[in-house]
Amino acid sequence: MFLIQKVDTTIKKMKSHLANLITIGNISFGGASIMATINESYNNAVLFIFIAAFLDRYDGKIARKFNQESELGKQLDSMSDIISFGVAPALLMYEMTLKDYGTIGMIVTVLYIACGAFRLARFNITESNGYFCGLPITAAGAILTVSFFFIPIISTVFYMFLFPLLSILMISTFSLKKV
């Protein structure tokens, strides 16, 4: 009887923290991507961002399924998003394309990260109405990361425009229906 009660309690606790554990996995892969970029393991960096995106796709669904949505989970998700879809892709693509542009390359990279942080902060203080305001940072990060595969065929000058364009789209006020 005691053992069954302990197992039941443990399962309930695991369900209540599953979404946050998935979010921790997201931020962990974002951090691993940053470390892979620093160590010039760019293919791994891309892979880790895609794994983070997969985890990000499901943390909210799991929270809603088990009715475990919380303010902590919302904030944790935003922290992981700035790492996994802000800093990680920006650093990766800076190293691959903008490093040779010196200060201007750094400025557009930091602009992207700052606009992503602004976008997430605005999202966190806005009531959910079924629409996103501006381009979600996850989408911007995915676009930036996918562009990695086009580096051999696209001039690096393209990225001097892509970074600011994604930055502007993230902080813009157009509405985009949530999927």
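Preceding this paragraph is the structure being described.
Residues numbered from 1 in each chain as written. Predicted model: local features only at pLDDT ≥ 70, side-chain atom pairs only at ≥ 80, totals over all residues. Heavy atoms only, no water.

**Overview of a nonpolar patch on the surface**
Thought 1: Taken together, the side chains of Phe 50, Val 146, Phe 149, Phe 150 and Ile 153 make up a nonpolar region of the molecular surface, amounting to roughly 480 Å² of accessible area.
Thought 2: When you line up the elements, Val 146 lands in helix α5 (residues 137–146). (Patch = residues over 30% accessible without salt bridge, like charges linked within 9 Å, V, L, I, M, F, W, Y side chains within 5 Å. Areas by Shrake-Rupley, 256 points an atom, 1.4 Å probe, with all protein chains shown as cover. Salt bridge = Lys/Arg side-chain N within 4 Å of Asp/Glu carboxyl O. Helix = DSSP H or I, 4+ residues; strand = E, 2+ residues; numbered from the N terminus.)

**Some points on the state of the cysteines**
Thought 1: Counting across every chain of the model gives 0 disulfides.
Thought 2: Distance from the sulfur of Cys 115, which forms no disulfide, to the nearest cysteine sulfur (Cys 133) is 13 Å. (Disulfide = S-S within 2.5 Å.)

**Description of the environment of Ala 63**
Thought 1: Examined against the element boundaries, Ala 63 turns out to sit in helix α2 (residues 42–65).
Thought 2: Under the relative-accessibility criterion, Ala 63 is labelled buried at 9%.
Thought 3: Along the chain, Ala 63 and Asn 44 lie 19 residues apart, while their C-alpha atoms are 29 Å from each other.
Thought 4: Residues contacting Ala 63, with those up to four places away along its chain left out, are Ala 19, Gln 68 and Glu 69. (Buried < 20%, exposed > 50% of the residue type's maximum accessible area, 1.4 Å probe, protein only. Contact = heavy atoms within 4.5 Å.)

**Focus on the environment of Leu 72**
Thought 1: Turning to its location among the elements, Leu 72 is positioned in helix α3 (residues 71–98).
Thought 2: Once the C-alpha coordinates of Leu 72 and Asn 20 are considered, the two residues, 52 residues apart in sequence, prove to be 8.6 Å apart.

**Describing helix α4 (residues 102–125)**
Thought 1: In a regular helix each residue adds 1.5 Å, so 24 residues correspond to 34 Å; α4 covers 35 Å between its end C-alpha atoms and thus fits that length.
Thought 2: On its buried face, α4 is in contact with α3, β1 (131–133), α5 and α6 (157–171). (Expected span 1.5 Å × (residues − 1).)

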